[in-house]
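Structure assessment
So the chains spell out like this:
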Amino acid sequence: EEDLPRPQWDLINTWVETQIAAEERDAAWAVIGRQWLEKLGPAMGRDYAVVESENMLLLAPSGVSASALLQFGERCRESLHVLYGEIVEFNVSGKQVVLALQDNDDYYWYLSAYYSEGHHGGSAGLHIREGYPHIALCGTKLELLENTLAHEMTHARLFYLTLPQWIEEGLAQMFEHDMTSRMLLLVNEEMARSHKRYWSAHGLGCFWRGEGFSKPGKVQTLCYQLAEILARLLIEEYRPRWFGWDNEPRRRLFAFLREATAADHGETAAIEHLGVGLSEIAAWFLGPGQWGPMHA
């Protein structure tokens, strides 16, 4: 499709499940992923090459430091295991596939199969969950690629859960900034006032439901900022106490993350495991108000 090789993953998966012994499937998927990228690179019409590390496969143009990006990806993988290994494992067979696409033309050309028609907010990366789950990045500057890869690898870790988008994006933003120490979110009084004005006027509906994260314009930026702020507040509120001896708050937070669902934006799980609803969580930053999903 769109002059690019789009594997029929359902057929490939059936073949692997029926023809390959269980203990050999991981290696089989790694070979399949490599063959796919070896076909995709030339089809993009640029000087793309396939490189790999222990756990990752990367398609990258000649202008990208592929070895450095792979090393960073492996560090992200290890750090995410430490942070969220209690919740979910990387359980995609094969290797983590990453496409570093040279510019906007290549990036949006590749993504055209995954976007519906209409206006969408811009992006620098995407974790694609269809078929063989993989990550697409845009650009050639290593620092920016590392930022986006850290963000999207968080999605790769968490998408096996049923998390509402606001939680997943908040954790991804937080990990990206903590992992790279770049483009840190500066929360000050002016930002707080800006959020309070906007959300008071428009309500938090698009934030809780998730569509605000893909809308063009100011609302997209505000959604990502608010998601990271609330994620950091949750991590701080439910961190281990007494110099790490009391892990009950962390246990409650992880129980919330395991059971929060997009169907109710996480409200039921928050009340059950955290003892507060979403309106109260939003009020930690926005101040008193009717911030819950029922008021959106």
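Along each chain, numbering runs from 1 in the same order as the chain's sequence is written. In keeping with the predicted nature of the model, local features appear solely for residues at pLDDT of at least 70, side-chain atom pairs appear and are counted solely at 80 or more, and the whole-chain, interface and lining totals rest on all residues. Hydrogens and water are ignored here; the side-chain numbers use all heavy atoms of the structure.

Some points on the pairing of strand E4 (residues 125-128)
The pairing criterion is simple: DSSP has to find at least two bridges between the two strands. Elements are defined by DSSP. Helices are runs of H or I of four residues or more, strands are runs of E of two residues or more, and each kind is numbered from the N terminus. Looking at chain direction, E4 and strand E5 (residues 134-138) are connected through four bridges and run antiparallel. What sits directly across from Ile128, in E5, is His134. The turn joining E4 and E5, which pair antiparallel and follow one another in sequence, is formed by five residues; a positive phi near 65° is taken by Gly131.

Some details on helix H9 (residues 218-237)
What a helix is expected to span follows from its residue count: subtract one and scale by 1.5 Å. Taking 1.5 Å per residue, 20 residues should reach 28 Å; H9 reaches 28 Å between its end C-alpha atoms and fits that length. Accessibility here uses a 1.4 Å probe with only protein chains present; expressed as a share of the type maximum, an area under 20% marks a residue as buried, one over 50% as exposed, and anything in between as partly exposed. Of the residues making up H9, those classed as buried are Val219, Gln220, Leu222, Cys223, Gln225, Leu226, Ala227, Glu228, Ile229, Leu230, Ala231 and Leu234. Considering only its buried residues, H9 is in contact with helix H6 (165-180), helix H7 (189-202), helix H8 (205-209), helix H10 (248-259), helix H11 (267-274) and helix H12 (278-286). Any two residues whose heavy atoms approach within 4.5 Å are treated as being in contact.

Focus on the side chain of Ser53
If you trace the backbone, Ser53 turns up in the loop between strand E1 (48-52) and strand E2 (56-61). Between N or O atoms, a polar contact is any pair within 3.5 Å; within protein, one atom must be a potential hydrogen donor and the other a potential acceptor, and residues adjacent in sequence are included only when both atoms are from side chains. A distance of 2.7 Å separates the side chain of Ser53 from the side chain of Glu74, its partner in a polar contact. Apart from the residues lying within four places of it in its own chain, the contact partners of Ser53 are Leu70, Glu74 and Lys95.

Description of the pattern of salt bridges
Salt bridge criterion: a side-chain nitrogen from Lys or Arg within 4 Å of a carboxyl oxygen from Asp or Glu. Summed over all chains, the structure comprises 13 salt bridges. Salt-bridge contacts for Arg46 lead to Asp106; the nearest nitrogen and oxygen are separated by 3.6 Å. Taken as a pair, Arg46 in the loop between helix H2 (25-43) and E1 and Asp106 in helix H4 (residues 104-111) lie far apart in primary sequence, 60 residues in all. Residue Lys95 is joined to Glu52 by a salt bridge in which the shortest nitrogen-to-oxygen separation is 2.8 Å. Of the two residues, Lys95 is situated in the loop between helix H3 (66-84) and strand E3 (96-101) and Glu52 in strand E1; the sequence distance between them amounts to 43 residues. Residue Glu52 is classed as partly exposed on the basis of its relative accessible area of 36%. Because the salt bridges share partners, they merge into one network encompassing Arg34, Glu52 and Lys95.

Here's the deal with the environment of Asp103
Inspection of the secondary structure assignment puts Asp103 in the loop between E3 and H4. As for Asp103 and Gly139, which are separated by 36 residues in sequence, their C-alpha atoms are 5.1 Å apart. For Asp103, the residues in contact, after removing those within four places along its chain, are Arg46 and Cys138. Here Arg46 takes part through its side chain, which lies 2.7 Å from a polar atom of the side chain of Asp103.

Section: the nonpolar core
Core analysis: the largest hydrophobic core is formed by 62 residues, its most contacted members being Leu149, Trp166, Trp199, Leu204, Phe207, Phe256 and Leu274. If you tally residues by element for this core, the top one is H9, at nine residues. Apart from the residues lying within four places of it in its own chain, the contact partners of Leu274 are Leu234, Tyr238, Arg252, Leu253, Phe256, Ala269 and Ile281. Residues Ile20, Trp29, Ile32 and Leu99 belong to the second largest nonpolar core, which totals 24 residues. For the purposes of this section, nonpolar cores are sets of buried Ala, Val, Leu, Ile, Met, Phe, Trp, Tyr and Cys residues that join through side-chain atoms within 4.5 Å.

Observations regarding the packing of aromatic side chains
Stacked, edge-to-face and tilted labels apply to pairs of Phe, Tyr and Trp rings (six-membered ring for Trp) whose centres lie within 6.5 Å, assigned for plane angles under 30 degrees, over 60, and everything in between, in that order. Scanning the entire structure with this criterion turns up 15 aromatic pairs. Judged by centre distance (5.0 Å) and plane angle (80°), the ring pair of Trp9 and Trp36 falls under edge-to-face. One end of the pair, Trp9, is in helix H1 (residues 9-19); the other, Trp36, is in helix H2, with 27 residues separating them in the sequence. On the basis of relative accessible area, Trp9 is assigned to the buried category, the value being 12%. Using a relative accessible area of 5% as the deciding quantity, one classes Trp36 as buried. Between Tyr110 and Tyr114 the ring centres are 5.9 Å apart and the planes differ by 45°, which places this aromatic pair in the tilted class. An aromatic cluster is present here, built from Trp166, Tyr198, Trp199, Phe207, Trp208, Phe213 and Tyr224 joined pairwise through their rings.

A word on the state of the cysteines
The disulfide definition used here is simple: a pair of cysteine sulfur atoms within 2.5 Å. Within this structure, the stated rule accounts for zero disulfides. No disulfide involves Cys223; its sulfur sits 4.5 Å from the nearest other cysteine sulfur, which is in Cys206. Taking the relative accessible area as the measure of exposure, Cys223 reaches 0% and is therefore buried.

A word on the sheet that holds E3
Across the sheet, which stays open at both edges, the five strands sit in the order E1-E2-E3-E5-E4 with mixed pairing between neighbours. The outermost strands of the open sheet, each flanked by one partner alone, are E1 and E4. Averaged over all pairs of adjacent strands, the angle between their axes in this sheet comes to 15°, without regard to strand direction. Pairing of E1 with E2 involves five bridges; the strand directions are antiparallel. By the bridge assignment for E2, Glu52 is matched with Leu57. Packed on one face of the sheet, H4 meets E1, E3, E4 and E5 and runs near 150° to E5. Sheet strands touched by helix H5 (residues 142-158): E2, E3, E4 and E5. Its angle to E5, the strand with the most contacts, is close to 160°. Note on definitions: angles span 0 to 180 degrees between N-to-C directions of axes, and those axes are lines fitted to C-alpha atoms, for helices only across the stretch in contact.

Note that every value here comes from positions in space, so none of it alone points to a role or purpose.
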